[in-house]
Every structure is written in structure tokens, then in C-alpha cells.
Number of protein chains: 2
Amino acid sequence: MQTIPIDDPADPRVAAYLNIRERDLTGREGRFIAEGKVVLNVLFSARRFVPESVLVLENRLAGLAETLSSAPDDLPVYVASAEVIDAIAGFHMHRGILAIGQRRHAESIESILQALPSRALVMVLVGIANHDNVGSMFRNAAAFGCDAVLLDETSCDPLYRKSIRVSVGAALKVPFALGGTGLEIATALEATGFTQLALSPAGEKDITEITRPDRLALYFGAEGPGLPHTILDRIDTARIRMAPGFDSLNVSAASAITLHHFMG
Amino acid sequence: MQTIPIDDPADPRVAAYLNIRERDLTGREGRFIAEGKVVLNVLFSARRFVPESVLVLENRLAGLAETLSSAPDDLPVYVASAEVIDAIAGFHMHRGILAIGQRRHAESIESILQALPSRALVMVLVGIANHDNVGSMFRNAAAFGCDAVLLDETSCDPLYRKSIRVSVGAALKVPFALGGTGLEIATALEATGFTQLALSPAGEKDITEITRPDRLALYFGAEGPGLPHTILDRIDTARIRMAPGFDSLNVSAASAITLHHFMG
């Protein structure tokens, strides 16, 4: 570990951290911003990602010693005062623990599916563009042992700063592929022996009436529009029982209930 | 309905809407800010709250006609341009549909419990101060037919702007009382025949092993600290099954799974 003091917010070595509230690094060769000790612990133990650097508030360094002990020896750890770190980030960094990470390589649906065991639970997100929802759905995926997440091309990248933070690092833990249409994902899952279920308020069966098959893929669509008809017409549908008169459920809550029911 | 044009952001009639991003009205005689058409629909049909006024962007008025038709006849509806409304609110009001509401009277634990039927499901929040979590837990409470929510004195007011918004209006729908300690709430629930369950990662029984009693109260604590030992030592505990290695579940996700399991 190399501790490098930073005194100038314009220092090119910390350029990746500039104004992080206003922008994200996603799309730039799979680089992303990780925040907080818990997420850094996940990053340093992740196989599919490499840390590039750390930026930490000087009075947070001691508390981060154990976390940093599991980081690569040559990882640059930039240390700055509150004043400098706020000027770099562009807002008041209350916690002051940041890292830049990079994906080793983007994964495809095929590479994800090839690596799955014979009994596997997969979550499919179609049109989920809200960073909070994607983050909390990854957190649920990790909590309930989901083997992989597939996101269609209209969903947002799980490596957005806010998604990683809300996922408490699960976006760096659960394997995922982003891309293709919902129908292309359904074709690939069908070809690899997955039973597929689309969650919908008007689903045919209640989830509690369905027995878990070995390979199961669960589809979730955005709140409001829901899953597209091309998906609902093609695969079986399932519903979550709700009280009459307020049939409004957050998609992340729906995923928690469904993944918990079908886990293991 | 009285439509009143507002041309001056400093007009005293819209003073309650000033700088709403920076402050909340809670604590001021049970007044609160409701945002968006869906929440306004809930407000106008709520028994325990009265609308005080509406502030709407001029180009949103037509789309709000049906919603406003269920509002009291004498409700002032202030209408302003985007420029004026942004100046009032203190930030860019993309949607531009706001209302001020007021609670008819604050409810106590006793008044809430007296009104409950012989079969009832109650959610108890202890130390949940995050406005997002409180909002999404109310949304779950409404979705799964929870009869009431009791919040201890260290939890946040469900009438915070963000909580109401995240709840999609459920904070105005599900009866609640805020106040007292967790132990005081437990004493009141015990006296009215409730079986009580504290949700905890180290809970004695898995929730799926427990049969729903007629009167059930479910306790949730803040992420991190969890429920205080005074509660865990006093009432039965229950856990939600999770995958090994990532035992981190958002408290709102926990409430969705548990309320769904015990509903009806």
C-alpha cells in the first residue's frame, strides 16, 4: 500500500474523482466509483473487478487499515484533508472513503450462463432505469443467493455510483450482464433449460403456488409500465398477493419477496 | 374549487411552500407537503387529513382536473408559471403538483389500538429515522393490508415530505401513532392481546415456521444497530432466511417479506 498525500484538488492523479456527484464513470471502459468501507471490502475481495486507486480523508485512514490490508500492495492510496477532498468531489464528503475500480472484462449473457451450476436462480431486469431500484435489487439478489442478474439494454448500469452504494457492494458481487432485448435474454435462457416467470400484478398464478424448478429465471419490469407484452405473452406469469385497494408495490420489494420465496 | 393565479413568489398565500426542499412542515401542528397526482388522490380521499391548499404548475392544471374534482369545493388551488413555482419551491419543480395538508388530530397508541378489529396486523418501527425506509415501509404496509403502524419516539415522522412521496401516499392511508419507547409500545400491545415478533438476523424461528395469530405485531429496527436488547429480551424473535456470506438486508425489504408472509 502506497500512501500518497494530495494537497492540490487539481492534481492529475485524482482527476477520476473530480465532481463525482455530477457525473459517473460508467461507460468508460467499465470504471466505477465505490464509496464507503463496506463497499471497499467487497471490491477488494471481488474476482471480476480490480481496484485502481483509493481516495481517503486523512482522519479516516487509521480506521481503514484492516480494509486496506486486503488490497493489492501496489494500490495507490491518496490521502487528503477535508478541504481538499471536498474540492475534488465537488460537495461535502461526509464519509470520505472512495475508490475507483475497473471491470476486468464485460460479461455477455452467454459467458454468464455458461458459468452457472445445474441448479441456478437468475433475476432478469427489463427497463429498470432507476439507480436506486437496480442497487436495492442487487442487494436482494445477494441476500437470497441469486446466481446472476441479466439486465436488458434499457436498464441502467449496476456500476453507477448510486447503484453500487445502495447495493452495499452487491453490484460488485453478483455476476451480471447488461445488454440485448428482453426477448433475446428469454431466448438465451430458454436454450439453457431455464423455467421463466414474469412477475406481474395480473400474473396467472400466485408465487406461493409454484414449486421451485432447478433452473429458474425471474423477470421484473419497471414500476408503472411493467414488463412489455412481448415478454408477458411469451413466458409464464406470476403475481404477488396484495391487499385490495392499494395494489402498488415497489419493484425492489417485489424482488425481495419473490427471491426469498424461490431461494435455495 | 377556487383557482387563484400567483404571480409573486413572495405572495403570503403560498408562504407554506417556500424553500420546501430545505425544510419540512412536520412538527408544525401536523402539517405536511404532499407531492404528485397519486399522492393528492390519496390525500383527498383520506379521513384523517384535510387538504389546506394546492399549488400547481399552470400547464399541469388540466391534467389534474379529475383529481381536483374530489377535493373540497372551497380548497384554494394556486396556479403559477414554471418560473414562479421554481422561485417559491427553491429548486426546479419538474412535476409541479403540490399540496399542503393537515392532520385532523394526532393519534395516540391507545386511540389506534382501540380502533383495531379482533384480527389485526400491526407494524412497529423502533429507531427507524431514515425517511426513505419509513416511506417504503408504509408502502409495504398498505400493499399487504397492515392495519396500523406504531413508531417509537426515535423513528422519523411519516409525514416528512420524502416519506410521503416514497410511500406513494400510503403514509396518509395507514393509521399510525408516533411516540413512546419501544417498551411502552410492547406493553400496550401485550395488554390488547397481540402476539409480538421481533425481526432479527439472529431470530429463534424462521418466519415461515410461524403460524399467523389473529392479532400480530411485527417489530423492525434500524439497519446496523437493529432492535434494542430491551425489545429482543422481552418478546419472541424471528428471522428471514438468507444466503450465507451476505447477510445484509434492507429493513424495508425485510418488512415486505414478513408482511407478505403474515398478511390476510
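Residues numbered from 1 in each chain as written. Chains lettered and ligands numbered in written order. Predicted model: local features only at pLDDT ≥ 70, side-chain atom pairs only at ≥ 80, totals over all residues. Heavy atoms only, no water.

Visitor: When you look at the overall build of chain A in this model, what are you seeing that I'm missing?
Guide: Helix and strand content of chain A: 9 helices and 12 strands. Here chain A has a C-alpha radius of gyration of 20 Å; the compact-globule value for 264 residues is 18 Å, and the two agree. Reported as C-alpha extents along the three principal axes, the dimensions of chain A are approximately 60 × 40 × 30 Å. Classification of the 264 residues of chain A by burial places 55% in the buried group. Excluding contacts between residues fewer than 6 apart, the proportion of contacts in chain A whose partners are at least 24 apart in sequence is 78%. When the accessible surface of chain A is split by element, carbon and sulfur atoms take 49% of a total near 11300 Å². Side chains of chain A carry 24 positive and 31 negative charges; the gap between the two charge centres is 4 Å. (Helix = DSSP H or I, 4+ residues; strand = E, 2+ residues; numbered from the N terminus. Rg over C-alpha atoms; globule rule 2.2 N^0.38 Å. Buried < 20%, exposed > 50% of the residue type's maximum accessible area, 1.4 Å probe, protein only. Contact = heavy atoms within 4.5 Å. Areas by Shrake-Rupley, 256 points an atom, 1.4 Å probe, with all protein chains shown as cover. Lys, Arg positive; Asp, Glu negative; His and termini not counted. Charge placed at Lys NZ, Arg CZ, Asp CG, Glu CD.)

Visitor: Sorry, what's going on with the packing of aromatic side chains here?
Guide: Two descriptors summarise a pair of aromatic rings, namely the distance from one centre to the other and the angle between the planes of the rings. Residues and elements named next belong to chain A. Per the counting criterion, the structure on display carries 4 aromatic pairs over all chains. Seen in terms of ring centroids, F32 and F49 are 5.3 Å apart; in terms of plane orientation they differ by 90 degrees. Their pairing is edge-to-face. Here F32 is found in strand β2 (residues 31–35), whereas its partner F49 is found in strand β3 (residues 49–57), with 17 residues between them in sequence. Like F49, F32 is buried. (Phe/Tyr/Trp six-rings, centres within 6.5 Å; stacked < 30°, edge-to-face > 60°.)

Visitor: Whenever I open this one, the pairing of strand β4 (residues 76–80) of chain B confuses me. Can you help?
Guide: Put simply, side chains in a regular strand alternate between the two faces of the sheet. Judged by how many residues are buried, β4(B) sits mostly within the fold: 5 of 5 residues are covered. Of the two faces of β4(B), both are covered, the one formed by B:P76, B:Y78 and B:A80 as well as the one formed by B:V77 and B:V79.

Visitor: Whenever I open this one, the pattern of salt bridges confuses me. Can you help?
Guide: Side-chain pairs of opposite charge can arise whenever the charged atoms involved come near each other. A complete count under the given rule lists 18 salt bridges over all chains for this structure. Between A:R165 and A:E35 there is a salt bridge, with the nearest N and O atoms lying 3.4 Å from each other. Taken together, the residues A:R165 in helix α6 (residues 161–166) and A:E35 in strand β2 connect sequence positions 130 residues apart. According to the relative accessible area criterion, A:R165 is partly exposed, its value standing at 38%. The partner of B:E107 in a salt bridge is B:R48, with the nearest N and O atoms 3.6 Å apart. Of this pair, B:E107 sits in the loop between β5 (97–103) and α4 (109–114) while B:R48 sits in the loop between α1 (37–45) and β3 (49–57), and the two are 59 residues apart along the sequence. (Salt bridge = Lys/Arg side-chain N within 4 Å of Asp/Glu carboxyl O.)

Visitor: Explain the interface of chain B and chain A to me, please; I cannot follow it from the model alone.
Guide: Think of interface size as the accessible area that goes away when the parts come together; that is how it is often given. With 28 residues of chain B in contact, the opposing surface of chain A contributes 27 residues. Both sides of the chain B and chain A interface together cover about 2300 Å² of buried area, and 63% of this is carbon and sulfur. Linking chain B with chain A are 2 salt bridges, by the criterion used here. With a closest N to O distance of 2.8 Å, A:E223 and B:R139 form a salt bridge. At the junction of chain B and chain A, the tally comes to 8 residue pairs in polar contact (both at pLDDT 80 or more). When contributions to the side of chain B that touches chain A are tallied by element, the ones reaching two or more residues are α5 (131–143) and α9 (251–262) of chain B. Partitioned by chemical class, the residues of the side of chain B that touches chain A number 15 nonpolar, 9 polar and 4 charged. (Buried area = accessible area lost by both parts, 1.4 Å probe. Polar contact = N/O pair within 3.5 Å; in protein donor to acceptor, adjacent residues only side chain to side chain. Nonpolar A, V, L, I, M, F, W, Y, C, P; charged D, E, K, R; others polar.)

Visitor: In this structure, what is going on with the domain arrangement of chain A? I would like to understand it.
Guide: Residue and element names in this part refer to chain A. Along its sequence, chain A is organised into domain 1 (2–103) and domain 2 (109–262). Contact with domain 1, which involves 17 residues of that partner, is made by 14 residues of domain 2. Run the count over domain 1 and domain 2 and you get 2 salt bridges. Applying the counting rule to domain 1 against domain 2 returns 3 residue pairs in polar contact (both at pLDDT 80 or more). Among the elements of the structure, β2 and α1 (37–45) are those that each provide at least two residues to the side of domain 1 that touches domain 2. By residue number, the principal contributor to the side of domain 1 that touches domain 2 is α1, which donates 4 residues. (Domains from an automatic or database assignment.)

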